[in-house]
Amino acid sequence: FTRELERGGSVFYVLNEIPRLEERMKQLSTILTPAPPMTIIHGRSRREEIEEKMLKFIRGEYKVLITTTI
């Protein structure tokens, strides 16, 4: 996880519990210093939101994508 971020890469983090996604993002924000740009998407997200956030992740605007299987 940290090695990937240190080399300039990005992390796709899968957690299949929608209620815990925000909590996990907060945990990662405190563990990783400085906290990389992160976002959350899940299977109940609007299609447009998923597409927008995925594109930003691909472009490197987000370094960590926390998601469920979609």
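See the structure printed just above.
Keep in mind it's a predicted model, so treat the numbers as computed, not measured.

Enquirer: I'd like a description of the overall build of the protein, backed by residues and values.
Expert: A count of helical and extended segments in the protein gives three helices and three strands. Against the globule reference of 11 Å for 70 residues, the protein gives a C-alpha radius of gyration of 12 Å, in line with a compact fold. Taking the principal axes of the C-alpha coordinates as reference, the protein spans close to 30 × 25 × 15 Å. Residue burial in the protein is summarised as follows: out of 70 residues, 36% are buried. Counting every atom, the protein has about 4,800 Å² of accessible surface; 51% of that belongs to carbon and sulfur. Each charge class in the protein can be summarised by its mean position, and for the 12 positive and 10 negative side chains these summaries are 1 Å apart.

Enquirer: I'd like a description of the environment of Arg3, backed by residues and values.
Expert: On the secondary structure map, Arg3 appears in helix α1 (residues 2–6). For the pair formed by Arg3 and Pro34, sequence separation is 31 residues and the distance between their alpha carbons is 14 Å.

Enquirer: Lay out the packing of aromatic side chains in plain terms, naming residues and giving numbers.
Expert: Each aromatic ring pair is characterised by the separation of its centres together with the angle its planes make. The full count for this structure, using the stated rule, is two aromatic pairs. Ring geometry for Phe1 and Tyr13: centres 6.0 Å apart, planes at 75°, overall edge-to-face. In this pair, Phe1 is assigned in the segment before α1 and Tyr13 in strand β1 (residues 11–14), connecting sequence segments 12 residues apart. Geometrically, the ring pair formed by Phe12 and Phe57 is tilted, given 6.1 Å between the ring centres and 55° between the ring planes. Of the two residues, Phe12 is situated in strand β1 and Phe57 in helix α3 (residues 47–59); the sequence distance between them amounts to 45 residues. Given a relative accessible area of 48%, Phe12 falls into the partly exposed group. Look at Phe57 and you get buried, because its relative accessible area is 11%.

Enquirer: Talk me through the pairing of strand β3 (residues 64–67); I want residue IDs and the actual numbers.
Expert: Both faces of β3 are covered, namely the face carrying Val64 and Ile66 and the face carrying Leu65 and Thr67. Sheet topology places β1 next to β3; four bridges connect them, and they run parallel. Each bridged residue has a counterpart across the sheet, and for Tyr13 the counterpart in β3 is Ile66. Here four bridges tie strand β2 (residues 38–41) to β3, and the two strands are oriented parallel to one another. Considered in β3, the bridge of Thr39 is made with Leu65.

The rules behind each value
- Chains are numbered independently. Their residues run from 1 in the order of the written sequence.
- Local features in a predicted model are, by the rule used here, given only for residues with pLDDT of at least 70; side-chain atom pairs are given and counted only at 80 or more, and totals for whole chains, interfaces and linings are based on all residues.
- Excluded from the side-chain calculations are hydrogens and water; all other atoms, namely the structure's heavy atoms, are used.
- Think of it this way: any DSSP run of H or I at least four residues long counts as a helix, any run of E at least two long counts as a strand, and we number them from the N terminus.
- For the radius of gyration, the atoms used are the C-alpha atoms, and the globule rule reads 2.2 Å times the number of residues raised to 0.38.
- Residue exposure (1.4 Å probe, protein chains only): buried if accessible area is under 20% of the type maximum, exposed if over 50%, otherwise partly exposed.
- All accessible areas in this document rest on Shrake-Rupley with a 1.4 Å probe, and a residue is counted as covered only by the protein chains that are shown.
- Charge convention: Lys and Arg are scored as positive, Asp and Glu as negative, and His as well as the terminal groups of each chain are ignored.
- Charged side chains are reduced to one point each, which is NZ for Lys, CZ for Arg, CG for Asp and CD for Glu.
- Classification of ring pairs rests on two measures: the distance between centres of Phe, Tyr or Trp rings, Trp counted by its six-membered ring, which must be within 6.5 Å, and the angle between planes, read as stacked under 30 degrees, edge-to-face over 60 and tilted in between.
- For two strands to be treated as a pair, DSSP must find at least two bridges joining them.

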